[in-house]
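Each chain, letter by letter, is given below.
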Amino acid sequence: MTLINRNYIYEAVNDSYCKACGKPREKIIGHSVSQIWGEEQFENIIKKHMDMCFQGNEVHYQEWFNFSDAKRRKFYDVAYYPFYNEKKEVTHTIVVTRDVTENKLLETQLLRSERLAGIGELAAGVAHEIRNPIAIIKSTSQYCQNKFQSYDKELKELMEIFVETSDKIDKTVRKLLEFAKPQQSRMRKGNIMEILKKVCSYIEGKCAEQNIETNYEIPETSLPVLFDEDKLNGAFLNLMLNAVEAMPNGGKLSVSAVNKKDEIEIKITDTGKGISPDNQRKIFNPFFTTKKTGTGLGLSLVHQVINIHHGKINVYSKIGVGTEIILIFPVYKK
Ligand SMILES: Nc1ncnc2c1ncn2[C@@H]1O[C@H](COP(=O)(O)OP(=O)(O)O)[C@@H](O)[C@H]1O
Ligand SMILES: [Mg+2]
């Protein structure tokens, strides 16, 4: 909670606001909102809402905020209440903020799951319908190719395009079906750190080739987790390959894991290109890719795998700085 005057200067703050900002009281009081939150966030988000409050309105909104000193973003529920003097003029705004990042992340994950499930069902339906006609086009083209062989070489070569293109479509459709089909899982209790280490060793060569420095902090032992080894392998590999692909000119890949009380936290951090906020909303969609030869299926599969394991995945990224993926797996309790 804080009190801000019409010049957007802090006049009073309570302890929890100081703590949320990560600054002592004397570094906030007397300073302007744009000094604390940055010119950009002040101009784009805060000012318009605060001005409405100075006109005598109670203002409520929710928004992501970045911090200057911490790299994490937080999602805040914000309320501005007008504060009047004896002449009934608004002299200040009383600001009440609540950190609702956890709720927001859960909600996002849930929405993503629902959307993926929807897309998956639709895709499976369409894919089935497409595969048979494609097979017919392909076999007919091959038949024509053989017929033309004897008297028209050019036509024969053109028919090859039909065959190749149907193969390409069939491959895409097959991938889609694989993604959409309900997957059998073979869950067992085990040491998740071993899987993680194994995947790190797979990509070591690729990292060396691309001038990527690696830093692994993975403990030997792991609290028990129920997992499907193949699927988890695939998910870790997809995430690490994305990190490596984001650093074509070298950089640093860090992988760390921590046994917490009820969960295991795994972080995969790169110093690569980063993902724009706009793209961050799309990266889990099947077929979303920014790469020339990408399939765009990696992260949607990762999301599926994390869901099977009742885990969570969060992405923090900044263009030009890098990307941090945080995975949380619940510890198995009998
Ligand atoms: N670590 C990362 N750094 C930068 N961009 C990333 C990273 N991971 C994923 N992305 C973005 O998300 C998109 C989708 O990723 P993914 O689903 O694995 O498909 P693909 O790797 O085939 O493009 C990528 O094309 C890329 O734009
Ligand atoms: Mg990928």
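Okay, so let's go over this structure. (Residues numbered from 1 in each chain as written. Chains lettered and ligands numbered in written order. Predicted model: local features only at pLDDT ≥ 70, side-chain atom pairs only at ≥ 80, totals over all residues. Heavy atoms only, no water.)

## Quick notes on the packing of aromatic side chains
In total, this model carries nine aromatic pairs according to the counting rule given. Taken together, the aromatic side chains of Y8, F42 and F54 make up a single cluster linked through ring pairs. Taking the ring centre of W64 as reference, the NZ or CZ of R73 above it sits at 4.1 Å. (Phe/Tyr/Trp six-rings, centres within 6.5 Å; stacked < 30°, edge-to-face > 60°. Lys NZ or Arg CZ within 6 Å of the ring centre and 35° of its normal.)

## A word on the site of ligand 1
Close to ligand 1 lie 18 residues, the nearest being N242, T289, T290, K291 and L299. Between D270 and ligand 1, the recorded distance is 2.9 Å, taken from a side-chain N or O atom to a nitrogen atom. Within the backbone of T295, an N or O atom sits 2.9 Å from an oxygen atom of ligand 1. Elements represented by at least two residues in the shell around ligand 1 include exactly α7 (229-245) and α9 (298-308). Among the elements that line the shell around ligand 1, the one with the most residues is α7, at three residues. By residue class, the composition of the shell around ligand 1 is six nonpolar, nine polar and three charged. (Near = heavy atom within 4 Å. Polar contact = N/O pair within 3.5 Å; in protein donor to acceptor, adjacent residues only side chain to side chain. Helix = DSSP H or I, 4+ residues; strand = E, 2+ residues; numbered from the N terminus. Nonpolar A, V, L, I, M, F, W, Y, C, P; charged D, E, K, R; others polar.)

## Some points on the pattern of salt bridges
It is possible for side chains of opposite charge to pair when their charged atoms get near one another. The final tally for this structure, using the stated rule, is 18 salt bridges. In this structure, a network of salt bridges that share partners links the residues R131, D170 and R174. (Salt bridge = Lys/Arg side-chain N within 4 Å of Asp/Glu carboxyl O.)

## What to know about the state of the cysteines
Within the structure shown, the criterion is met by zero disulfides. Its sulfur unpaired, C18 is 7.1 Å from the next cysteine sulfur, which belongs to C21. There is no disulfide at C200, and the cysteine sulfur nearest it, in C207, is 8.7 Å away. (Disulfide = S-S within 2.5 Å.)

## Some remarks on the packing of helix α6 (residues 192-209) against α7
Look at α6 against α7: their axes get within 9 Å of each other, and the N-to-C directions meet at 40°. Between α6 and α7 lies a crossing of right-handed hand. Between α6 and α7, the residues in contact are I192, I195, L196, K198, V199, C200, Y202, I203, K206 and C207 and E229, L232, N233, F236, L237, M240, L241 and V244, respectively. When grouped by side-chain class, the residues that make up the contact of α6 with α7 number 14 nonpolar, one polar and three charged. (Axes fitted to C-alpha atoms, helices over the stretch in contact; angles between N-to-C directions. Left-handed = near helix turned anticlockwise from the far one by under 90°. Contact = heavy atoms within 4.5 Å.)

## Details of the sheet that holds strand β3 (residues 59-66)
Within the open sheet, the five strands sit side by side as β2-β1-β5-β4-β3. Their pairing is antiparallel. Edge positions in the sheet fall to β2 (10-13) and β3, since each has one partner strand and no second. When strand polarity is set aside, the average angle formed by the axes of neighbouring strands in this sheet is 25°. Contacting β3, β4 (73-84) and β5 (90-99), helix α4 (residues 101-149) runs over the sheet at an angle of about 130° to β4. (Pairing = 2+ DSSP bridges.)

## Looking at α6
In this model α6 runs 27 Å from its N-terminal to its C-terminal C-alpha over 18 residues, within 8% of the 26 Å that 1.5 Å per residue would give. For α6, the principal kink sits at I203 and spans about 40°. The complete set of buried residues in α6 reads I192, M193, I195, L196, V199, C200, I203 and C207. Two or three places before M193, at the start of α6, stands the capping residue N191, its side-chain oxygen 2.8 Å from that residue's backbone nitrogen. Where α6 terminates, the next one or two residues include N211, which has phi positive at roughly 65°. (Expected span 1.5 Å × (residues − 1). Bend = angle between axes of the 7 residues up to and from the residue. Buried < 20%, exposed > 50% of the residue type's maximum accessible area, 1.4 Å probe, protein only.)

## A word on the packing of α4 against helix α5 (residues 153-180)
In the contact formed by α4 and α5, the axes pass within 7 Å of each other and the chain directions differ by 160°. By the angle between their directions, the pair α4 and α5 is classed as roughly antiparallel. Classified by chirality, the crossing of α5 by α4 is left-handed. Taken together, the residues that form the contact of α4 with α5 break down as 19 nonpolar, seven polar and seven charged. (Parallel < 35°, antiparallel > 145°, perpendicular 65-115°, else oblique.)

## Regarding the side chain of Q109
Within the secondary structure, Q109 sits in helix α4. Apart from residues lying up to four places away in sequence, Q109 is in contact with H303, N307, G311, K312 and I313.

## Some remarks on helix α3 (residues 39-54)
The end-to-end C-alpha distance of α3, which contains 16 residues, comes to just 19 Å, noticeably less than the 22 Å that a straight helix rising 1.5 Å per residue would cover. Approximately 50° is the largest bend angle found in α3, and it occurs at I46. Turning to α3, its buried residues number three or more, namely Q41, F42, I45, I46, H49, M50, C53 and F54. In this structure, the buried side of α3 is in contact with β1 (2-5), α2 (33-37), β3, β4 and β5. With its phi angle positive at about 100°, G56 sits one or two positions after the end of α3.

## Some words on the side chain of N191
The residue N191 is located in the loop between β6 (188-190) and α6 in this model. Given a relative accessible area of 18%, N191 falls into the buried group. There is a polar contact of 3.0 Å between the side chain of N191 and the backbone oxygen of E220. Beyond its immediate stretch of four places on either side in the chain, N191 contacts E220, T221, S222 and F227.

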